Amino acid sequence: MTSNTDMARIAFRYCGGIAALFILFTGKMQAQTKEEEKPVMQVVFQQEEPNYLVFKVSIQNTGTKKTILRVTGNNQDLLYSESITAEPYIKTVKVPKYDTDAVEFRITNGKDSSKKTFDVKLTTKELVEVKEASNL
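Anyway, here's the lowdown on the structure attached to this text. (Residues numbered from 1 in each chain as written. Predicted model: local features only at pLDDT ≥ 70, side-chain atom pairs only at ≥ 80, totals over all residues. Heavy atoms only, no water.)

## Brief notes about the pairing of strand β2 (residues 52–60)
Examined bridge by bridge, strand β1 (residues 40–48) and β2 share 8 bridges and lie antiparallel to one another. Each residue of the ladder has a partner; that of Q42, found in β2, is S58. Joining the antiparallel neighbours β1 and β2 is a turn of 3 residues. (Pairing = 2+ DSSP bridges. Helix = DSSP H or I, 4+ residues; strand = E, 2+ residues; numbered from the N terminus.)

Okay, structure coming up:
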């Protein structure tokens with residue numbers, strides 16, 4: 001026959017095992033829910049102005065990490081930069097159209113980074129105007 005002390009030890013082992021399993025499973029579930037989504041950037045060319053190209057930038061899921069938007073041109077020349085604090089972020093960015101052949105939009109959020117690049121091709125059209133000269 002088992003004594004009360006042996007019964008207490010057996011009960012403690014079972015309760016301890018169940019508690020350990022409970023902690024393992026709930027800890028694993030919390031780790032899965034803490035995983036943050038990566039930021040999502042959308043860049044759309046809006047229009048051409050006399051000296052600028054106009055883009056609409058929207059960024060979501062910035063989370064709690066510091067997010068930085070950088071717009072660069074040829075040879076990674078910095079055209080625009082901003083630290084993003086609000087969510088959702090929507091901004092109209094104007095880029096000089098005569099100084100660049102490519103425009104790159106890049107967001108950095110901790111270790112995560114994403115970019116979108118646009119090639120800029122400037123085509124000029126030759127216009128010939130012929131007028132009758134006045135004969136005097």
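## Side note on the pairing of strand β4 (residues 78–84)
Pairing between strand β3 (residues 67–72) and β4: 6 bridges, direction antiparallel. Within β4, the position partnered with L69 by the bridge is E82. Between β3 and β4, which follow one another and run antiparallel, lie 5 residues, and N75 among them has a positive phi close to 55 degrees.

## Digging into the environment of P88
Looking at the secondary structure, you find P88 in the loop between β4 and β5 (89–96). For P88, a relative accessible area of 52% puts it in the exposed group. With 30 residues separating them along the chain, P88 and S58 place their C-alpha atoms 7.2 Å apart. Residues within four places of P88 in sequence aside, it is in contact with I59 and Q60. (Buried < 20%, exposed > 50% of the residue type's maximum accessible area, 1.4 Å probe, protein only. Contact = heavy atoms within 4.5 Å.)

## A short note on the sheet that holds strand β6 (residues 102–109)
Taken together, 4 strands build an open sheet; the order of strands is β4-β3-β6-β7 and the sheet is antiparallel. Here the strands that pair on one side only, and so sit at the sheet edges, are β4 and β7 (112–119). Going from strand to strand, the sheet's axes swing by 10 degrees on average, the running direction of each strand aside. With 6 bridges joining them, β3 and β6 adopt antiparallel strand pairing. Note on β6: the bridge partner recorded for I68 is T108. (Axes fitted to C-alpha atoms, helices over the stretch in contact; angles between N-to-C directions.)

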